[in-house]
Amino acid sequence: MNKRFFGVLIFAFVVAALGGLITYRQLVNHAPAAGAAQPMSRIVLAAHDVEAGAILSKDDVQLADWGGPVPAGASAKPEDFIGRGVLSEIYSSEPVSEARLASKGSGGGLASLIPEGMRAFAIRVNDVAGVAGFVTAGMRVDVVINGSSPLGDAGQGTQARTLLQNIEVLSAGQDFKKDAEGKPVTSQVVNLLVTPEQAEKLSLAAGQTTVQLVLRNPLDRQIAPTPGTDLAALYGPTGARPPAPAPAAPPAPNPADTRPVVHEAPPQPVAFTMEIISGSQKTEKQFVNQGGTR
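Structure report, in brief. Small disclaimer: the values here were computed from a predicted structure and weren't measured.

Our next topic: the overall build of the chain. Secondary structure summary: the chain contains three helices and ten strands in total. Written out in order from the N terminus, the α and β elements of the chain read α-β-β-β-β-β-β-α-β-β-α-β-β. The burial tally for the chain puts 20% of its 294 residues in the buried class. Once local pairs closer than 6 in sequence are excluded, the contacts in the chain between residues at least 24 apart make up 58%. A total accessible area of about 21,600 Å² is found for the chain, and carbon and sulfur atoms account for 59% of it.

Another point: the pattern of salt bridges. Overall, the coordinates contain six salt bridges when judged by the stated rule. The salt bridge partner of Arg-140 is Glu-168, with a shortest N-O separation of 3.8 Å. Taken together, the residues Arg-140 in strand 4 (residues 140–147) and Glu-168 in strand 5 (residues 159–178) connect sequence positions 28 residues apart. On the basis of relative accessibility, which here comes to 15%, the residue Arg-140 falls in the buried class. We note a salt bridge from Asp-220 to Arg-216, for which the minimum N-O separation is 3.8 Å. Each of Asp-142, Arg-216 and Asp-220 takes part in salt bridges that share partners, so that together they form one network.

Here the focus is unusual backbone geometry. Although it is not a glycine, Ser-93 adopts a positive phi angle of roughly 65°. Mapped onto the elements of the fold, Ser-93 is located in the loop between strand 2 (61–67) and strand 3 (119–125). We note that Asn-166 has phi near 55°; this positive angle belongs to a residue other than glycine.

Moving on: the side chain of Arg-140. A distance of 3.3 Å separates the side chain of Arg-140 from the backbone oxygen of Asn-166, its partner in a polar contact. Aside from chain neighbours lying at most four places away, what touches Arg-140 is Asn-166, Ile-167, Glu-168, Val-214, Leu-215, Arg-216, Pro-218 and Arg-221.

This part covers a nonpolar patch on the surface. There is a patch of nonpolar side chains on the surface, built from Ile-10, Phe-13, Val-14 and Leu-18 and spanning about 430 Å² of accessible area. Summarising the element assignment, Val-14 is placed in helix 1 (residues 2–30). Exposure remark for Val-14: the relative accessible area of 41% places this residue in the partly exposed category.

Time to look at the nonpolar core. Within soluble globular proteins, side chains that are nonpolar tend to cluster in buried spots. Leu-192, Leu-202 and Leu-213 are the most contacted members of the largest nonpolar core, which totals 18 residues. When contributions to this core are tallied by element, the ones reaching two or more residues are strand 3, strand 4, strand 5, strand 6 (184–194), helix 2 (196–208) and strand 7 (210–216). The contacts of Leu-202, once residues within four sequence positions are left out, are Phe-121, Ile-123, Val-143, Leu-163, Leu-164, Leu-192 and Val-194. Listed in part, the ten residues of the second largest apolar core include Val-44, Ala-46, Val-50 and Ile-90.

Attention now goes to the environment of Val-61. Secondary-structure assignment places Val-61 in strand 2. With near-sequence residues (within four places) excluded, Val-61 lies in contact with Val-44, Leu-45, Ala-47, Leu-56, Pro-78, Ile-82 and Val-96.

Conventions and cut-offs
Residues numbered from 1 in each chain as written. Predicted model: local features only at pLDDT ≥ 70, side-chain atom pairs only at ≥ 80, totals over all residues. Heavy atoms only, no water. Helix = DSSP H or I, 4+ residues; strand = E, 2+ residues; numbered from the N terminus. Buried < 20%, exposed > 50% of the residue type's maximum accessible area, 1.4 Å probe, protein only. Contact = heavy atoms within 4.5 Å. Areas by Shrake-Rupley, 256 points an atom, 1.4 Å probe, with all protein chains shown as cover. Salt bridge = Lys/Arg side-chain N within 4 Å of Asp/Glu carboxyl O. Polar contact = N/O pair within 3.5 Å; in protein donor to acceptor, adjacent residues only side chain to side chain. Patch = residues over 30% accessible without salt bridge, like charges linked within 9 Å, V, L, I, M, F, W, Y side chains within 5 Å. Core = buried A, V, L, I, M, F, W, Y, C linked by side-chain atoms within 4.5 Å.

See below:
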C-alpha cells in the first residue's frame, strides 16, 4: 500500500516537472531578445529651437534617425515643411509635424497664428490696463470699458461695463512710436483673438471709452452675467431724506409705585356773550369756547 502510494506520488512529480520544463522552453523561444535594437526611421527633426511665427528654412530642419513609432504628421521629406509658418514653438531635435505648422502658402508671422474665421485686434494699453505686464500670449482676459452712455441718465456719471469675456490673447509686445517732439515712446500693445462682430465692438470702445483688460484663469470659461455699474450706484441714492423718527412710546407704569394716579380733568368749555348793534337794533349772541380759556 505504501509503495504504491509513493510510486504514484513520484510519477506525478515527474509529469509536473516535465510540463514546467516544456512551458519554460516555449516562453524562452517566443520572448524577444533582451536589448534587441528597435526599428529606426529617418524623419525631419528641428535643428534648433524655432519660435512661433517664424518661417522654416533649410537650416532649421535636418534628417535624423528616430527610434520607435513615427509621430503623426511627421515626414522624411524636408521639402514638405520648408517655407511654412510655425504655429507653436518647436524645440531642438523635436519631430516637425503638420500640427505645428501653418498651411502651405499662408506665410509666417502673426497672420499665420490666426485661425480661420477669427481676427486679431490690437489694443494699446498702459501698465495698469495691461494687468501690469501679466497679459501674455495664450492668456484669457475680459474687456471692461469705462465711459458715459449717450442714452443714459446724465446724473449717473461714468459707467463701467464688461464688454467681452473669455477672450484669448494672441500676442503682447511693445509698440515703438514718436511723440510730438520726435522722441521715441514705447507703449504696450495687446492683440486679442476675436470674431468680426467683436472686432466692431472693440473698435468703437477703443475710440469712445477707456478700455481695461481683466486677467482670468485660462481654465475658467464661464460667462458671468454682469449688468454693469455707475457712479450713482457706487455712492448710493442721493437726495433722499432720512425717515422721521417714530414717536416715543409712553413709559410703562411701575408696579412698585403705590401712589394714586391723578388724572387731570379736561378743560371745561367757557361761554361768553357778544352784543351786536345793527342800526337802532341791539341783539346778543352767546358763544362757547371749547378750549376752556377766554
